[in-house]
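Below are the chains, spelled out letter by letter.
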Amino acid sequence: MDFTERLNLYLEGGMIQPEDIADIQAIIAMFDTKYHIVLQEENADTFIAHLCAALGRTASGEAVEPLPPEVKAELEGLDSYPKSKEMLQEVMAAARHRLNETEQDYALLHINNLIARLSEEQPQLD
């Protein structure tokens, strides 16, 4: 299932703006085009929810606490970390709105989780 319903709910709830939907759609399209990964509710719900929340916080100026140092160190030690860094750069290039460093760290966490979730189905992501 695609994210249309989720994005509309976030828009109605004021979490995101119409231009954020365009960014999310561009990111979803980039994953399909560049990585041949079809992001859907079943495999990327948490990742897309985080991106929407991050875009909303960025627009409102709301700050989040940085990842705890031990979590960041664990994240950086994962085998999937280099691929997640590459994917994050592609995410940032696809979106018009930039995320700050803290939001990018959380996005990396979610991208690594996405990679782990998909690696069973698509081993070439490893």
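Figured I'd write up the structure that's included with this text. It should be emphasised that the depicted structure is a prediction, and the values quoted were computed from it without experimental measurement.

Cut-offs and rules
Residues numbered from 1 in each chain as written. Predicted model: local features only at pLDDT ≥ 70, side-chain atom pairs only at ≥ 80, totals over all residues. Heavy atoms only, no water. Helix = DSSP H or I, 4+ residues; strand = E, 2+ residues; numbered from the N terminus. Buried < 20%, exposed > 50% of the residue type's maximum accessible area, 1.4 Å probe, protein only. Contact = heavy atoms within 4.5 Å. Areas by Shrake-Rupley, 256 points an atom, 1.4 Å probe, with all protein chains shown as cover. Lys, Arg positive; Asp, Glu negative; His and termini not counted. Charge placed at Lys NZ, Arg CZ, Asp CG, Glu CD. Polar contact = N/O pair within 3.5 Å; in protein donor to acceptor, adjacent residues only side chain to side chain.

Brief notes about the overall build of the protein
Right, so step 1: Within the protein one finds six helices and zero strands.
Right, so step 2: In sequence order, the protein lays out its α and β elements as α-α-α-α-α-α.
Right, so step 3: Looking at the 126 residues of the protein, the share that counts as buried comes to 44%.
Right, so step 4: Across the protein, every contact between residues at least 6 apart in sequence was considered, and the portion connecting residues at least 24 apart equals 79%.
Right, so step 5: Here the protein has roughly 6900 Å² of accessible surface; of this, 51% comes from carbon and sulfur atoms.
Right, so step 6: Counting 9 positive and 24 negative side-chain charges, the protein places the averaged centre of each group 5 Å from the other.

Side note on the side chain of Glu103
Right, so step 1: Inspection of the secondary structure puts Glu103 in helix H6 (residues 101-119).
Right, so step 2: Under the relative-accessibility criterion, Glu103 is labelled buried at 1%.
Right, so step 3: At 2.6 Å, the side chain of Glu103 forms a polar contact with the side chain of Arg57.

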